[in-house]
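If you want the building blocks of each chain, they are given just below.
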Amino acid sequence: DTAVSQTPKYLVTQMGNDKSIKCEQNLGHDTMYWYKQDSKKFLKIMFSYNNKELIINETVPNRFSPKSPDKAHLNLHINSLELGDSAVYFCASSGDRAPYEQYFGPGTRLTVT
Amino acid sequence: AQSVTQLDSQVPVFEEAPVELRCNYSSSVSVYLFWYVQYPNQGLQLLLKYLSGSTLVKGINGFEAEFNKSQTSFHLRKPSVHISDTAEYFCAVKGHTGRRALTFGSGTRLQVQP
């Protein structure tokens, strides 16, 4: 069984469109994350939720809005997509105790044309 | 806040040779340290972690890493690599206090040649 799953795996869309990426974890974790991996493979935290509460909100454009309907799901909605949004987006989850070891999903490769 | 430096962006090595991937970190608090591996078009998989105690940590697939507090390093080693070890390797750090997210290095591409 997949621990952290994301859909879709690939997403190709045009500039100006709105798209969503979904993430689900079946590990019973309380905390979920979105990371962005750019074209140079650099990984950076975007958001984190703990029990549906936003706990990390990096300096990300307002066009990005995370939503956590329950602690097993964390979705990422992106409005007015731009070329620079092209990247791989990874969802991750961790337990509620240090060291907050994180388990990653397979990633969603977003290509904006 | 923490930062991580992976000094080598690419490391080419022949099959069955030993390899070391270097990682240095900076932090004002004590840290947890991790190495993740990313195979092509896949997510990140945890190789090993240092939490406390013994400074030599063993992970999956024959990898090990040594925590050196005085040199603020956490280098990854494998005595004999296989073609299948070709991947991107990321060092990551998290402070004992502060936010829960990991801070990653820029990655090292290990290219194993026959």
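Conventions used here
Residues numbered from 1 in each chain as written. Chains lettered and ligands numbered in written order. Predicted model: local features only at pLDDT ≥ 70, side-chain atom pairs only at ≥ 80, totals over all residues. Heavy atoms only, no water. Helix = DSSP H or I, 4+ residues; strand = E, 2+ residues; numbered from the N terminus. Buried < 20%, exposed > 50% of the residue type's maximum accessible area, 1.4 Å probe, protein only. Pairing = 2+ DSSP bridges.

Engineer: How should unusual backbone geometry be read in this particular structure?
Structural biologist: Most peptide bonds are trans, and most residues other than glycine sit at a negative phi. Residues and elements named next belong to chain A. A cis amide bond links T7 to the next residue, P8, at an omega of -5°. With respect to the element layout, P8 can be found in the loop between β1 (4–7) and β2 (10–13). Not every positive phi belongs to a glycine, and Y100 is a case in point at roughly 55°. Within the element layout of this structure, Y100 appears in the loop between β9 (87–94) and β10 (102–104).

Engineer: Help me out: how do you make sense of the pairing of strand β9 (residues 73–78) of chain B in this one?
Structural biologist: As a general feature of sheets, a regular strand has side chains that alternate between the two faces. Residue and element names in this part refer to chain B. Counting buried residues in β9 gives five out of six residues, a clear majority hidden from the surface. Strand direction decides the pairing type here: strand β3 (residues 19–21) and β9, joined by three bridges, are antiparallel. Of the residues in β9, the one forming a bridge with L21 is L76. Note that strand β8 (residues 64–68) and β9 share five bridges and pair antiparallel. Across the sheet, the residue bridging to E66 is H75, located in β9. Between β8 and β9, which follow one another and run antiparallel, lie four residues, and T72 among them has a positive phi close to 45°.

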